[in-house]
Amino acid sequence: MAEVLVVVEASQAGVKKVTLELLTIARELGEPSAVVLGGPGAAAAMSDKLGEYGAQKIYAAESEEIDGHLVAPKATVLANLVTSVSPAAVLLASSQEGKEIAARLAVKLDNGILTDAVGLDADGTATQVVFAGQTIVKSKVTKGIPLVTIRPNSVTPTPAAASPAVENLTVELTDKDKLAQVVNRVAEQKGSRPELTEASIVVSGGRGVGSGDNFKLVEELADLMGAAVGASRAAVDSGFYPHQFQVGQTGKTVSPQLYVALGISGAIQHRAGMQTSKTIVAVNKDEEAPIFELTDFGVVGDLFKVVPQAVEEIRKRKG
Amino acid sequence: MKIVVLVKQVPDSGAERNLRSDDNTVDRGSANNVINEMDEYAIEEALSIQEKHGGEVVVLTMGPSGATESIRKALSMGPDSAVHVADDALHGSCAVATSKVLAAAIGQLDADLIICGAESTDGRVQVMPHMIAERLGIAALTGARKLTVDGSTLTIERQTEEGYEVVTASTPAVVSVWDTINEPRYPSFKGIMAAKKKPLETKSLADLGVDASEVGFDGATSTVVEHSKRPPRQAGNKVADSGDGGVQLVQYLSSEKFV
Ligand SMILES: Cc1cc2nc3c(=O)[nH]c(=O)nc-3n(C[C@H](O)[C@H](O)[C@H](O)COP(=O)(O)OP(=O)(O)OC[C@H]3O[C@@H](n4cnc5c(N)ncnc54)[C@H](O)[C@@H]3O)c2cc1C
Ligand SMILES: Nc1ncnc2c1ncn2[C@@H]1O[C@H](COP(=O)(O)O)[C@@H](O)[C@H]1O
């Protein structure tokens, strides 16, 4: 069976869930090989997990230079690998980095590219949801191999044990790969909440939450449910919550099992980022709010009454 | 410093958007077409760099003839001139081909700095900055929430999942900006009047030395096989809170096994 390259994404906690989803999808197209592009020691820490989800082989390109620059070195290493192993497809996460690596790869190989797929058939046909979730598109790469970036939460990752051998790649870069140099990485306070795009539950607050302080209520509900916290643009623009948590057209696209919208009206640009959530619930005091067109369950009421009561009820049930 | 700002015209994201049923491309005919919102931040950033460091700001757009309207709007914010790449053969171009055309046009402009939006609201592909940089062999600093220029050294701050990164490169380079970077100015009446007289050069593929077979449907590296409207969600139960709304909400969540 043909080899399918899956570019691994990792966080401090290890392999990201989206990579396991990609390995799951890759098995439909061929034999998955995981490609680790990172600093020294990156692959060893992840090989067990990658094998658990079906990686037949692990290619490891490890160097300080990969870590110390924006994506250009990664694209160069990946392009060399594609040229030498002629895979059936290359899959990446539809994150900023995944899209950027894919962009450079597409130009280097003069290969078509499809981004933001929510599904991928065995024949390489990708499904995309566009225009704020209103249109479904099926598309194909017509030049080269399927080079596809896939949104987190598009499939449920399923294990398929394998014991992959690690093959080290030599990292040969040119000056052109080292133009954008990372001079500092600043960690910001980050709690134990799941990452927004990967979370299976997202609790978001909008302008109706009223203040940054009041967002504690949103966080309290989120933490009780093991959820990530999101925010509407109005909440972000009003300074209630940081921009990296914005959901929507100009923020993150999320597709969790459950999306909870608190004090959010449901403008089309907000919908663009959450419309494909499996279940949607909302609390809004305006019964005409457009968010209720999307909700599986809606409460028309004051979130400052409804949410504390819900929090208390969940605590009671948890005992 | 010569700054080229990439400006794309897109259908208004606040209204209904469609793909054409005949050739599966974005329906621009029936849409209300506007400047891609993120590109307004790119224009603002270019203008504020010009105010500090001097130089020239050129708007570059690839798009159908109707895009002129958005180009004039962009000019009314303050840039000095514009280049509009328009050619019938471009209809149906994929991202890979678009980057080829934009890179060729930038090559003729001899730019020190290319500023663009982080993504366009129609495609949301987020690929153009790196594709262009790859073709031109220059740096791409993407997703900037802050940009500083010090001689030929560019430094950006970009948001990451863990916090933020500080990244530097020397000019020439492509910088893509996020909407947290600034607050775009509104065109003044004077600006609107001045924009009508600013130089706007239209270039064809031949002017850029790009062959028509490399772009449009002929040169496309991907294709839309089919598209359909996503069925609207069915709104479910909606209850008015009469004192037990929170409990009802949890009952629902529990019935769906979320709590
Ligand atoms: C190009 C473009 C891109 C955009 N991108 C995004 C994006 O990425 N994400 C995004 O979210 N928006 C985006 N927007 C903005 C979008 O159009 C809306 O303005 C925004 O989503 C509104 O946020 P909101 O629902 O929090 O605020 P509002 O529309 O003001 O709604 C607040 C809601 O809270 C309710 N409320 C108030 N108090 C209470 C209370 N005590 N209890 C219960 N309910 C209460 C009100 O009834 C109201 O429905 C974009 C706009 C443009 C033009
Ligand atoms: N046809 C185009 N003409 C001019 N600029 C463009 C065009 N397409 C994309 N861009 C620029 O590239 C950025 C990113 O677009 P995209 O990669 O399509 O999401 C946009 O914000 C624009 O600044």
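Residues numbered from 1 in each chain as written. Chains lettered and ligands numbered in written order. Predicted model: local features only at pLDDT ≥ 70, side-chain atom pairs only at ≥ 80, totals over all residues. Heavy atoms only, no water.

- For chain B, an unreviewed UniProt entry supplies the name Electron transfer flavoprotein subunit beta and the organism Planosporangium mesophilum.
- Under the UniProt heading Function (unreviewed entry), the note attached to chain B is "The electron transfer flavoprotein serves as a specific electron acceptor for other dehydrogenases. It transfers the electrons to the main respiratory chain via ETF-ubiquinone oxidoreductase (ETF dehydrogenase)."
- The UniProt entry for chain B carries the following text under Subunit (unreviewed entry): "Heterodimer of an alpha and a beta subunit." (UniProt positions renumbered as here; feature names shortened; annotations may be inferred.)

- Named according to an unreviewed UniProt entry, chain A is Electron transfer flavoprotein subunit alpha originating from Planosporangium mesophilum.
- Listed under Sequence similarities (unreviewed entry) in UniProt, the entry text for chain A is "Belongs to the ETF alpha-subunit/FixB family."
- Regarding chain A, the relevant UniProt record gives this comment under Subunit (unreviewed entry): "Heterodimer of an alpha and a beta subunit."

## Describing the overall build of chain B
- Of regular secondary structure, chain B possesses 8 helices and 13 strands.
- Across the 259 residues of chain B, 54% fall into the buried class.
- The long-range fraction of contacts in chain B, counting pairs at least 24 apart against all pairs at least 6 apart in sequence, stands at 73%.
- Put simply, chain B shows about 10800 Å² of open surface, and 48% of that area lies on carbon and sulfur atoms.
- With 25 positive and 37 negative side-chain charges, chain B shows a spacing of 4 Å between the two charge centroids. (Helix = DSSP H or I, 4+ residues; strand = E, 2+ residues; numbered from the N terminus. Buried < 20%, exposed > 50% of the residue type's maximum accessible area, 1.4 Å probe, protein only. Contact = heavy atoms within 4.5 Å. Areas by Shrake-Rupley, 256 points an atom, 1.4 Å probe, with all protein chains shown as cover. Lys, Arg positive; Asp, Glu negative; His and termini not counted. Charge placed at Lys NZ, Arg CZ, Asp CG, Glu CD.)

## Notes on the packing of helix α5 (residues 96–109) of chain A against helix α4 (residues 128–136) of chain B
- The contact between α5(A) and α4(B) brings their axes to 8 Å, and the two run at 40 degrees. By the criterion of interaxial angle, the relationship of α5(A) to α4(B) is oblique. For α5(A) against α4(B), the interelement crossing comes out right-handed. Across from A:Glu100, A:Ala103, A:Arg104, A:Ala106, A:Val107 and A:Lys108 in α5(A), the residues of α4(B) making contact are B:His130, B:Met131, B:Ala133, B:Glu134 and B:Arg135. (Axes fitted to C-alpha atoms, helices over the stretch in contact; angles between N-to-C directions. Parallel < 35°, antiparallel > 145°, perpendicular 65-115°, else oblique. Left-handed = near helix turned anticlockwise from the far one by under 90°.)

## Examining the environment of A:Leu70
All names here are of chain A.
- By the element assignment, Leu70 lies in the loop between α3 (64–67) and α4 (72–85).
- Owing to a relative accessible area of 7%, Leu70 belongs among the buried residues under this scheme.
- Between the alpha carbons of Leu70 and Ile101 there is a distance of 9.4 Å; along the sequence they are 31 residues apart.

## Some thoughts on the site of ligand 2
Residues and elements named next belong to chain B.
- The environment of ligand 2 is formed by 17 residues, the closest being Asp39, Met62, Ser120, Gln126 and Met128.
- In this structure, an oxygen atom belonging to ligand 2 sits 3.4 Å away from a main-chain N or O atom of Val125.
- Between an oxygen atom of ligand 2 and a main-chain N or O atom of Val127, the distance comes to 2.9 Å.
- Here ligand 2 has 470 Å² of accessible area as a free molecule, and 98% of this is covered by the chains.
- Among the elements of the structure, β4 (56–62) and β6 (113–117) are those that each provide at least two residues to the shell around ligand 2.
- Per-element tally for the shell around ligand 2: the top contributor is β4, with 3 residues. (Near = heavy atom within 4 Å. Polar contact = N/O pair within 3.5 Å; in protein donor to acceptor, adjacent residues only side chain to side chain.)

## Some points on the UniProt feature "domain: Electron transfer flavoprotein alpha/beta-subunit N-terminal" (unreviewed entry) in chain B
- According to UniProt, the positions carrying the feature "domain: Electron transfer flavoprotein alpha/beta-subunit N-terminal" (unreviewed entry) are residues 23–212 of chain B.
- For residues 23–212 of chain B, helix accounts for 33% and strand for 29%, while the C-alpha atoms at its two ends are 18 Å apart.

## Here's the deal with the interface of chain B and chain A
- The interface of chain B with chain A comprises 81 residues on the first partner and 89 residues on the second.
- Between chain B and chain A lies a buried interface of about 7400 Å² when both sides are counted; carbon and sulfur atoms form 55% of it.
- Inspection of the chain B/chain A interface yields 9 salt bridges.
- A salt bridge links B:Glu165 to A:Arg185; the shortest N-O distance between them is 3.0 Å.
- Put simply, chain B and chain A have 46 residue pairs in polar contact (both at pLDDT 80 or more) between them.
- In terms of residue count, the dominant contributor to the side of chain B that touches chain A is helix α8 (residues 245–255) of chain B (10 residues).
- In the side of chain B that touches chain A, the residues fall into 32 nonpolar, 28 polar and 21 charged.
- In this structure, strand β17 (residues 297–300) of chain A lies alongside strand β13 (residues 237–240) of chain B, joined through 4 bridges in parallel fashion. Looking at β13(B), one finds that A:Phe297 is bridged to B:Asn237. (Buried area = accessible area lost by both parts, 1.4 Å probe. Salt bridge = Lys/Arg side-chain N within 4 Å of Asp/Glu carboxyl O. Nonpolar A, V, L, I, M, F, W, Y, C, P; charged D, E, K, R; others polar. Pairing = 2+ DSSP bridges.)

## Considerations on the side chain of B:Asp27
Residues and elements named next belong to chain B.
- With respect to the helices and strands, the residue Asp27 is situated in the loop between β2 (9–11) and β3 (33–35).
- The side chain of Asp27 is buried and forms no salt bridge, while Arg20, the nearest opposite charge, is found at 5.7 Å.
- In this structure the side chain of Asp27 is engaged in a polar contact, spanning 3.2 Å, whose partner is the backbone nitrogen of Gly29.

## Remarks on the nonpolar core
- If you look at the biggest cluster of nonpolar residues, it comprises 58 residues, and the most contacted ones within it are A:Leu78, A:Val90 and B:Leu60.
- Considering each element in turn, this core owes the most residues, 7 residues, to helix α3 (residues 95–109) of chain B.
- Residue contacts for A:Leu78: discarding those within four places in its chain leaves A:Leu5, A:Val7, A:Val35, A:Val90, A:Ile101 and A:Leu105. (Core = buried A, V, L, I, M, F, W, Y, C linked by side-chain atoms within 4.5 Å.)

## What to know about the packing of aromatic side chains
- Across all of its chains, the model carries 3 aromatic pairs over all chains by this definition.
- A ring pair is formed by A:Phe215 and A:Tyr241, whose centres lie 4.6 Å apart and whose planes are at 20 degrees; its orientation type is stacked. Here A:Tyr241 lies in the loop between α7 (233–237) and β15 (258–262) and A:Phe215 lies in helix α6 (residues 215–225), a separation of 26 residues in the sequence.
- Ring geometry for A:Tyr241 versus A:Phe245: centroids 5.3 Å apart, planes at 55 degrees, classification tilted.
- Its relative accessible area of 11% is what places A:Tyr241 among the buried residues.
- Above the plane of the ring of B:Tyr164 lies B:Arg145, whose end atom (NZ or CZ) is 4.5 Å from the centre. (Phe/Tyr/Trp six-rings, centres within 6.5 Å; stacked < 30°, edge-to-face > 60°. Lys NZ or Arg CZ within 6 Å of the ring centre and 35° of its normal.)

## Notes on the UniProt feature "domain: Electron transfer flavoprotein alpha/beta-subunit N-terminal" (unreviewed entry) in chain A
- As recorded in UniProt, the sites labelled "domain: Electron transfer flavoprotein alpha/beta-subunit N-terminal" (unreviewed entry) are residues 4–186 of chain A.
- Along residues 4–186 of chain A the backbone is 28% helical and 33% strand, and the end-to-end C-alpha distance reaches 34 Å.

## Thoughts on unusual backbone geometry
- Backbone torsion omega between B:Thr171 and B:Pro172 reads -5 degrees, so that peptide bond is classified as cis.
- Along the chain, B:Pro172 falls in the loop between β9 (163–170) and β10 (173–177).
- A positive phi is found at A:Ser86, a non-glycine position, where the angle reads about 45 degrees.
- Mapped onto the fold, A:Ser86 is located in the loop between α4 and β6 (89–93).
- Non-glycine residue B:Asn24 carries a positive phi angle of around 65 degrees.

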